[in-house]
Amino acid sequence: MDDRPIEPFEYLHFARTEMLGSTHELCMSGVPGVDPAELPDDAPAAGEAAKDTGTGSPFAPAMGVDPLVEWQSLLAARYGFPESDLLPTLGTSGGVFVALAALTSLSGCRGPIAIEAPAYGVFAAGARFLGLPIVDIERARNDDYALDIDRVDAAFAAGARVFCLTDLHNPSGVLLDDATLADLRTCARKHDAWVLLDEVYRDFRPGPVGTGYVPGERVIVTSSLTKCYGLGAPRAGWLAGPAEVITAADHVMEILHGVYPEPSAALFIRALRSAEDLRRRGARVAQRARPTIDAWVATEERVSWVPPVGGITGLLQIEGLTDSRAVSQRLRSDLDVQVVPGAYFGAEGTLRVSFGLPPATLQRALETLALGIGALVR
């Protein structure tokens, strides 16, 4: 048996061990965290009957009782999911891994994993852990990171069984339009393949909430209340898929952690009762300083980007940048500016920056970043 060391998920390892604590934090991927004390208490909302689990709590575990009945109902009502197609996960990253493990356990589905590029690294990390080959599907910057369905079709025709992507696209913030999503469904159906869609940034899109999940189609989705809603700590995530995927995913989760943790379930339910208020809060954070970074990009000769549709992050193309890891380290050590190397997303020559700061704070951080780019990038 060959030895295969477990490779770290590079971006998340960086986020856990190096990212925080700088003076100029241009690195946060979600809006500031919500204090759980700000959420409604555990009593049923007005006019709502409490779900009787036989335990005196709508989320407490009991033998033979689903501890997340109310969670299912609230989430289904918000996004239009069938309740039977939902499974709670520990965050979106947890949902991605569980989904990949579940999908590749299905008959005929163990094969190469196709992944958008640039991409959030959890897809590749999960595929490597499962011992599966990876096929990159380029989303070209000169085409505004649009998704080319012909490339997905070719990957499926060559044997890929799952295609992984994000909406909004992480790291660029570009949205997945309805026509392209419809083409993806058709493509997956044609090849008896699957699409795994990470929607954790989707609720930053303008307009009402929605989902790319359609019952009966071969697109499954995972998301959470982390990025837009400010609830990273509870790991309040979900997976939506057909019965065969949900059953397999549930078996994977039994191996990983048995049951969903009760404290997280409690916060999950409380947050869903106030989900629209929390979403509006996130939108205000994203909007307040967007003019500041738009103006900065417009005036910096060596900096450009494809403007993100929503959210608080974007991908800066830096003229002359060849080693984003080294430059990011020097920005932190020399100027106390923290950005995310584009190399973590397979996008060398770029830096991912966050603009979810108060405008004056963001302006100072961007001015310092400009000084660093001028001094460190030749």
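Before going into details, it helps to say that this report is about the structure given with it. Counting starts from 1 at the beginning of each chain's written sequence and moves along it residue by residue. A pLDDT threshold of at least 70 governs which residues receive local features in this predicted model, and a stricter bar of 80 or more applies before side-chain atom pairs are shown or counted, although totals over entire chains, interfaces and linings include all residues. Side-chain numbers here rest on the full set of heavy atoms in the structure, without hydrogens or water.

**Quick notes on the sheet that holds strand β10 (residues 313-318)**
For step 1, the next point in the chain: For two strands to be treated as a pair, DSSP must find no fewer than two bridges joining them. Counting from the N terminus, the helices are the DSSP runs of H or I reaching at least four residues and the strands are the DSSP runs of E reaching at least two. One open sheet accounts for 4 strands, arranged β9-β10-β13-β12; its pairing is antiparallel. At either margin of the open sheet sits one strand with a lone partner, and together these are β9 (303-305) and β12 (340-341).
For step 2, the next point in the chain: Strand direction decides the pairing type here: β12 and strand β13 (residues 350-354), joined by 2 bridges, are antiparallel. By the bridge assignment, Val340 is partnered in β13 with Arg352.
For step 3, the next point in the chain: Set on the sheet, helix α12 (residues 359-376) makes contact with β9, β10 and β13; between it and β13 the angle comes to about 165 degrees. Contacts are assigned to residue pairs with any non-hydrogen atoms lying within 4.5 Å of each other. The axes are straight lines fitted to the C-alpha atoms, using for helices just the contacting stretch, and the angles between their N-to-C directions are given from 0 to 180°.

**Details of the packing of helix α10 (residues 290-299) against α12**
For step 1, the next point in the chain: The N-to-C vectors of α10 and α12 enclose an angle of 25 degrees; their axes lie 9 Å apart at closest approach. Between α10 and α12, the interaxial angle falls into the category roughly parallel. The hand of the α10/α12 crossing is right-handed. Contacts between α10 and α12 pair Thr292, Ile293 and Trp296 from the former with Pro359, Leu362, Gln363, Leu366, Glu367, Leu369, Ala370 and Ile373 from the latter.
For step 2, the next point in the chain: Broken down by class, the residue content of the contact of α10 with α12 amounts to 8 nonpolar, 2 polar and 1 charged. Each angle is binned into one of four classes, with values under 35 degrees roughly parallel, values over 145 roughly antiparallel, values of 65 to 115 roughly perpendicular, and all other values oblique. Should the near helix be turned counterclockwise from the far one by less than a right angle, the crossing is left-handed, whereas a clockwise turn marks it as right-handed. Polar here means any residue other than Ala, Val, Leu, Ile, Met, Phe, Trp, Tyr, Cys and Pro, which are nonpolar, and Asp, Glu, Lys and Arg, which are charged; Gly is therefore polar.

**What about unusual backbone geometry?**
For step 1, the next point in the chain: Residue Pro118 is reached from Ala117 by a cis peptide bond, and omega for that bond is 5 degrees.
For step 2, the next point in the chain: Mapped onto the elements of the fold, Pro118 is located in the loop between β3 (113-117) and α4 (122-129).
For step 3, the next point in the chain: The step from Asp167 to Leu168 runs through a cis peptide bond, and the omega angle for that step is -5 degrees.
For step 4, the next point in the chain: Along the chain, Leu168 turns up in the loop between β5 (162-166) and α6 (178-191).
For step 5, the next point in the chain: A positive phi is found at Asp144, a non-glycine position, where the angle reads about 55 degrees.
For step 6, the next point in the chain: Position of Asp144 among the secondary structure elements: in the loop between β4 (134-138) and α5 (149-157).
For step 7, the next point in the chain: Taking the relative accessible area as the measure of exposure, Asp144 reaches 47% and is therefore partly exposed. We call a residue buried when its accessible area falls under 20% of the maximum for its residue type, exposed when it is over 50%, and partly exposed in between, using a 1.4 Å probe and counting protein chains only.

**A look at the pattern of salt bridges**
For step 1, the next point in the chain: Any carboxyl oxygen of Asp or Glu that lies within 4 Å of a side-chain nitrogen of Lys or Arg is treated as forming a salt bridge with it. In the structure shown here, the tally under the stated rule is 16 salt bridges.
For step 2, the next point in the chain: In this structure, Arg280 and Asp277 form a salt bridge, with 2.4 Å as the shortest nitrogen-oxygen distance. Taken together, the residues Arg280 and Asp277, both in helix α9 (residues 275-288) and 3 residues apart, mark about one turn of the helix.
For step 3, the next point in the chain: According to the relative accessible area criterion, Arg280 is partly exposed, its value standing at 40%.
For step 4, the next point in the chain: Taking the shortest distance from any N to any O, the salt bridge between Arg330 and Asp334 comes out at 2.7 Å. Remark: Asp334 and Arg330 occur in helix α11 (residues 324-335); sequence separation between them is 4 residues, near one turn of the helix.
For step 5, the next point in the chain: Connected through shared salt-bridge partners, Asp167, Glu199, Arg202 and Arg205 make up one network.

**A word on helix α2 (residues 69-79)**
For step 1, the next point in the chain: Burial analysis of α2 places 8 of its 11 residues in the buried class, the great majority of the element.
For step 2, the next point in the chain: Considered for burial, the residues of α2 that qualify are Glu70, Trp71, Gln72, Leu74, Leu75, Ala76, Arg78 and Tyr79.
For step 3, the next point in the chain: In the core, the buried residues of α2 are packed alongside β2 (86-90), β8 (236-240), α8 (262-273) and α9.
For step 4, the next point in the chain: Gly80 sits one or two residues past α2 and shows a positive phi near 80 degrees.

**Things to note about the nonpolar core**
For step 1, the next point in the chain: Only buried Ala, Val, Leu, Ile, Met, Phe, Trp, Tyr and Cys residues count toward a nonpolar core, and they belong to the same one when joined by side-chain atoms within 4.5 Å. Core analysis: the biggest nonpolar cluster contains 55 residues, and Trp71, Phe81, Leu147, Phe163, Leu184, Leu225 and Trp238 have the highest contact counts within it.
For step 2, the next point in the chain: A total of 6 residues in this core trace back to one element, the largest contributor, which is α8.
For step 3, the next point in the chain: Not counting residues up to four positions away in its chain, the partners in contact with Leu184 are Leu147, Ile149, Val152, Phe163, Leu165, Leu176 and Val195.
For step 4, the next point in the chain: Residues Ile113, Ala119, Tyr120 and Val340 belong to the second largest nonpolar core, which totals 42 residues.

**Considering the environment of Leu335**
For step 1, the next point in the chain: With respect to the element layout, Leu335 can be found in helix α11.
For step 2, the next point in the chain: The sequence separation of Leu335 and His24 amounts to 311 residues, and the corresponding C-alpha distance is 8.5 Å.
For step 3, the next point in the chain: Sequence-distant contacts of Leu335, defined by excluding residues within four places in its chain, comprise His24, Arg330, Thr368, Leu371 and Gly372.

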